[in-house]
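An overview of the molecular structure
Chain by chain, the residues run as shown.
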Amino acid sequence: MAAYILRRLLSGALTIWFIATATFFAMHAVPGDPLSNEKAVSPEIRANLERRYGLDQPLVRQYGIFLGNMLRGDFGISFTQENRRVNDIIREHFPVSATLGLVALIMAAVGGVIGGSITAYWRNRWPDHLLMLLVIAAISVPSFVIAALAQLGIVGLNRVVGLPLLPVGGWGTLSHLWVPAFVLGLGTMAYLLRLMRSSLLEIMESDYVVTARAKGLSPRQVFFRHQLRNAVLPVVTELGPTIAAITTGGFVVELVFAIPGLGRFFVQAVQQLDYTVIMGTTVFYGAFLVLVVVAVDILYGFIDPRIRLHKRAVS
Amino acid sequence: MSQSPESPLLAIRDLQVRIGPVRAVRGVSLEVRAGECLSLVGESGCGKSMTAMSLMGLLPRQAQLSASDWHFDTLRPGSFSARQWQQFRGEQVAMIFQNPMTALNPTMRIGAQITEPLRAHRGMSRKQAQREVERLLERMSITNAAYRARQYPFEFSGGMLQRVMIAAALACEPRLLIADEPTTALDVTVQAEVLALLDELRRERNMALLLITHDLGVVARMADRVAVMYAGEIVEEGSAEQLFYHTAHPYTEALRASVPTLSHGDRLPAIAGTPPDLRSEIGGCAFMPRCAYAMDICRETPAYYPLEAGHCSRCWRWHPDCPQRGLGAGDHG
Amino acid sequence: MNSVAAERFRAVGAERQPEAPAEPRPFGLLQVLAANRRAQLAAATVLLLVLAALLGPLLWQQDPAQQWLSQISRGPIGAQTVRLVVNNERWQPLSPVSHLQSPEANTERVRLQWPAVDGASRYRIYRSDQPGGGGLGIPLAERSQPWFEDRLKLEPRSYRYTVVSLQEGRPLGERLTLELEPQPAIGWFEAQLQGLVPEGADPQSWQGRQLSLPAHPLGTDSLGRDMLARLLHGARTSLFVGVLAPLLFIGLGTAYGAFAGLAGGAIDNALMRGADFVIALPFLLFMILLRVAFGIGPGESGIGPMIVAMVLLGWPGSARLVRGQILKLRGEAYVNAARLAGAGPIYLIRRHLLPNVLPVILVSLSFAIPMAIFTEAFLSFIGMGVSPPTPSWGSMCNDGIKSLLAHPHELLFPAALISVSVLAFNMLGESLRDAMDVKLRTEPL
C-alpha cells in the first residue's frame, strides 16, 4: 500500500509540473511579452516586474525563474491590483470557493446516492420516471441557465412570502450558501445519480444479494449491508473527476450569484488579462485538482479490499 | 431411509409460476422427507431453479405463484407474510448457489458473511458469532479458521468458497438445504469433495437435501429419489435406482443417452429439437415434438401413470390401455 | 382412468415444430432509427437544428447586428407601420388648456400640458407603467411651467401620468392624472440610421410619414437586435464549433491512437504517456488559458482559436479509446487466426479493425458534440468565447442574463436551444451506444 501511495504521489507531482509548464508556455505564446499590453502599468511596477520575472532574459532562464517561484509557492504580484500578491488573493478567495464547492459536492454525493437508490428501487415506476426526467433536464441545461432560473425562483419566492427569505446573491451568511451550492452540485448530482442507479440495478441482480435474502436478512439489512456499499464504490471513484467539474462550474455560479470566490476572480483576471493572476490561479487549481484525484484514488484503495490487499501483496 | 413412513418435511402440490407471459413452472408437486436427498434434474430453462426459488419465497417481484397443500412441517408457507418468510429463510430452509465466486459479497469479510444468519435469527453477539464461525469453518475442513474468517472472498479458491457458502447456509441448522447446481462451477476434483461434504452433513444432521442439477453423475451419487423436469413439469419421478435401471420416460432416456460413457461410439447423441416455448399454451405432451415414441394420443395431455411403488411417469406409454407398454420396445424412429 | 381406444396409440413419430427465426439485432444508423422511437425524435431534432443553421439565415434575412433603438428588449412583435417623428427643436405650447392632456402621444415623445394651478410654484411629474396600480411610479421631472415633454424609453403600452403641484417644495392637495398609450413611432435619427429615409432628405417634409418596420417574431434583445436572426446565426456558430471541433479532435485522436496501438512497444508507451499528460490538464481551465494565449484581433470572431484550443485539449480521449481497441483486437483469437492464414495488413485493417473501431468512434463522436456545444456556451458566457457582435447561443445567454428579471425571453430562447441540442445529441449517442453495444466511460463535464 505504501508503495502504491508513493507511486500515485510521484505521478501527481509529475502532472503538476506538466501543468505548470503548459501554463508558462501558453502565457508566453501571447504575442509580445505579457507587459506590452495596452493596459497601463506604471513604469516602476513595470521595471520591478521585468526584474522580478527576468523578462529581459532568455526564455529558458525565465522558465527556470518561474519554476523556482512556483516551487517556493510564490505566485507573484497582480498586474491590475497593484501591490496585491497573488498568494494573498488565493488565500482570501479560495476558502470561499472551497466552502461552496464542498457543500455542493456533499449535496451532489448525498443527493446522487439517495436519488439513485430511489430510482433503482422503484425502477420503471413513477418515482424513477420523475427523477430521471429531472436528471435529463439537469444534464442538458447549462449551469448558468440553471443559476439564472434559480435567481428568478428566489425572487418569485420572496415575492410570494412577502419577506426577503433568501438573498439573490452575495456571500457571508449560511442563507447565501444553499441555493448556489445546490445549483453548482446539480449537474454532478445528476451524473452520480445515473451512475448509482445503474450500479445498484446491476447489484440488485447479483448473486450475493440473492444469497443475503436467502439467509433471511430483512430488506433493510440486505440494502445497507450488501447493496449500498458495493454500489457506492463506482460513485467514489468518480468523485475525483467530479471535483474538477464542480471547480470549473464554480466560475459561472460565482459569477451569476456575485460570490467573491477564486473562480469569479479568475474569470475577472482573464477578462482583464491579468497574467500573473491567471498563471498563479491556473497552476494552483491544476495542482489542487491533481491532489484531489490522487487522494480519491488512495481513499478508494482503502474502501475496496480487493485493491487494498492486492497493493499490499505487491509491495 | 427414503421409504420412511413418517409424513414429509416439505410437501407442495400443483405449484404454478408465471413470469409475465411465461409459464415457468406448470404444476409441480414435490415431497421431501427429513434426511432424504431429492434430486431435481432437467436441462437449463426447465423450471427447476424457479421451483427452488418458489420454495424459498425468492421469486422475482413480477412473478405470480399459486400452489395448494403447501406444508413445511407444521408451517404453511403459502400464506406467509414477508416477515414470516424472512424468519423462515436461513432458519428452516437454507440455499446454496451455482457460482460461489459471485454468490458472496466481494467487500465483506468471510466471517461476517457466515455469521449473518446467526445474528439475524439467533440475535448472537459479535463475540459469540465469531466462536461459532471458527467451529463451522473447521467442520467444513477449512484450516486456520480464525485467520481465514478475516479474509475476503477474492482470497479463496472456488471450492473453498463453496464450503464457506455451505457453512453460512448451515449456521442455523436448517432442516432443509436447497443446493442449486452446487458443483457446476467447480473443478472436477473439487466437485467430489464438496459433494462428499454435503452428503456427510446431511446424514449427520438428518437434514433434507433438495439437490438441483443437470448432471446425472451427481444424481447417481447423491440422490435417494429423483424428479425429472421438462418444460416446467415433472415428467418422471422415482428412486435413483428405478430411474437409472427402469427408465420410464422418453426424456429421461434421452438424457441418460446423452451422458458420455466409454461404451458410446464416436458420436454423443444429443436430443434433437429445442424445448417448447413456454409463452404459448402447450396442448398434449410437451416432449412430443422431440420424442422418438410419439403417438397419436400424445396430442392429449398425459397423467402420471404409476409403474411400481414410488415410481411414476408422465407418458402415455404407461397408460394401462397402451398396447406396446413401456420403452425400448423397438420402434425408435 | 378412462380406457382409450387402441388405435390412438399408433406411432406417428416426432412432430418437430419449425424453429422461430432469431430476430436480427439492429445495427447501423438506419436500423437504430427504425427500432427506437426516442432515437427518431432525437435524430429529427438534430436534423431540424442543422437545417435551421444552414437555411435559417437565408430564409430570415434580417441582419443579426442591426440595432433598432426604438425597439429595445421587446417581446414578439409583428410587422408594423409607424409614424416618423422628427423631434429636433424644443417644444412650447401655444395656448393654455383646461385639463391635463397629451395630443398625439407616441413612443418618441409624450407631450403633457395642464392648466396652471393657483398657488403652485412648481409641478412634479410622475409616470407609472402600471395604470391599474396604486403608486405614482417614477418621478420624471420638476417644472415651473405647466407643460412637459417625456422622451424617456417609451414603449407602446399604457402609462399613467400624474402631475403633483408643489408649493415651496411641499405638495398641494391637487393632483392631475392622465392615462394614455403612446402610438408606435420612429425618430428621425434612427430612420436615417436604418436607411428608411434617403440621405439628405428634408426632415420637415418627412414629418408624420408612415414607415413600415420589419417583424420580430421572437422579439429583440437589449440592443434592439432581432432575436430570431441572432438565434439562427448563433446556431451556425454553436453547431459549427460543436460539430467541427469534435470531428477534428476525434480524427486526430484516432490517428494518434491507431499509430500508437499499431506501432506498439516503446513508441506506444511514449506516445500514450504524452496523452496521459494532456488528459491531466483541467479542460475548461486550459480552454480559457489557451483562448487568452491565442488572443483575438479586432474584427475576428474568435471561432477559430476556440476550435484549435478544443482540438489541442480534446484528442487524448479518443486516442486512448482507439489504442485500447486495437490492443484488444491484436490479442483476439480470430485476428491471430486470420494472420496465420496469411491475411495482409490491409485486409486485417479493413476486415477486422475498422468494423470494431468504427462504432466506438461514432459513439464517442456523438457524445463529444454536446460536450463541445456546452464548452462553447460556457466560454462565450464568461466572455471568453466568440467576440461580439458575432452571435452564438452562449454569448446571447451572456447578454440575456443581464436583463433577466425584466425581459426573461432574452435568456430563455438561446438557453432552450442549447438545452434541446445537447439533449438531442446525447439521446442520439445513447441510442447508438445501446444499439452497437459499445462500452464507454462518459466523463462529467
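The rules behind each value
- Residues numbered from 1 in each chain as written.
- Chains lettered and ligands numbered in written order.
- Predicted model: local features only at pLDDT ≥ 70, side-chain atom pairs only at ≥ 80, totals over all residues.
- Heavy atoms only, no water.
- Pairing = 2+ DSSP bridges.
- Helix = DSSP H or I, 4+ residues; strand = E, 2+ residues; numbered from the N terminus.
- Axes fitted to C-alpha atoms, helices over the stretch in contact; angles between N-to-C directions.
- Contact = heavy atoms within 4.5 Å.
- Buried area = accessible area lost by both parts, 1.4 Å probe.
- Salt bridge = Lys/Arg side-chain N within 4 Å of Asp/Glu carboxyl O.
- Polar contact = N/O pair within 3.5 Å; in protein donor to acceptor, adjacent residues only side chain to side chain.
- Parallel < 35°, antiparallel > 145°, perpendicular 65-115°, else oblique.
- Left-handed = near helix turned anticlockwise from the far one by under 90°.
- Nonpolar A, V, L, I, M, F, W, Y, C, P; charged D, E, K, R; others polar.
- Buried < 20%, exposed > 50% of the residue type's maximum accessible area, 1.4 Å probe, protein only.
- Phe/Tyr/Trp six-rings, centres within 6.5 Å; stacked < 30°, edge-to-face > 60°.
- Lys NZ or Arg CZ within 6 Å of the ring centre and 35° of its normal.

Digging into the sheet that holds strand β3 (residues 37-41) of chain B
Residues and elements named next belong to chain B. Taken in spatial order, the eight strands line up as β5-β6-β7-β3-β8-β9-β11-β10 in an open sheet, and their pairing is mixed. Among the strands making up the open sheet, the edge pair consists of β5 (93-96) and β10 (305-308). With strand direction ignored, the average angle separating the axes of adjacent strands in the sheet is 20°. The strands touched by helix α11 (residues 250-257) are β3, β8 (225-230) and β9 (233-239); relative to β8, the strand with the most contacts, the crossing angle is about 100°.

Let's talk about the interface of chain C and chain A
For interface size, the figure often reported is the accessible area lost on association. Counting residues at the interface gives 38 residues for chain C, matched by 45 residues for chain A. Here chain C and chain A share an interface that buries about 3,400 Å² over both sides, 82% of which is from carbon and sulfur atoms. Counting the surface chain C buries against chain A, the share from its top three residues, C:F277, C:L285 and C:L289, is 18%. The interface formed by chain C and chain A includes one salt bridge. One salt bridge in this structure joins A:R194 and C:E430, with 3.2 Å as the shortest N-O distance. Inspection of the region where chain C meets chain A yields one residue pair in polar contact (both at pLDDT 80 or more).

Re the packing of helix α4 (residues 110-122) of chain B against helix α5 (residues 126-139) of chain B
Residues and elements named next belong to chain B. Across the interface, α4 lies against α5 with an axial gap of 9 Å and an inter-helix angle of 115°. By the angle between their directions, the pair α4 and α5 is classed as roughly perpendicular. Here α4 runs over α5; the crossing is right-handed. For the pair formed by α4 and α5, the contact residues are G111, I114, T115, L118 and R119 on the first element and R126, A129, E132, V133, L136 and L137 on the second. In terms of residue class, the contact of α4 with α5 is made up of six nonpolar, two polar and three charged.

Some details on the pairing of strand β2 (residues 110-113) of chain C
Both faces of the sheet carry side chains from a regular strand, because those side chains alternate between them. Residues and elements named next belong to chain C. In β2, alternate side chains face the same way, and those of V110 and L112 on one face and R111 and Q113 on the other are all buried. Taken together, the four bridges between β2 and strand β5 (residues 147-150) define a ladder with antiparallel strand orientation. Across the sheet, the residue bridging to L112 is F148, located in β5.

A few points about the packing of aromatic side chains
Under the criterion given, the structure shown has 25 aromatic pairs over all chains. A ring pair is formed by A:F144 and C:F381, whose centres lie 4.1 Å apart and whose planes are at 5°; its orientation type is stacked. A residue pair is termed interchain when its members come from two chains, as with A:F144 in helix α6 (residues 143-161) and C:F381 in helix α10 (residues 345-381). C:F381 shares its class with A:F144; the two are buried. In textbook terms, an aromatic cluster arises when at least three aromatic residues are bridged by ring pairs, as seen for A:F94, A:F251, A:F266, A:F284, A:Y285 and A:F288. Positioned above the aromatic ring of B:Y304, the side-chain terminus of B:R314 is 4.7 Å from the ring centre. A cation over a ring is seen here: C:R127 above C:Y159, with NZ or CZ 4.7 Å from the ring centre.

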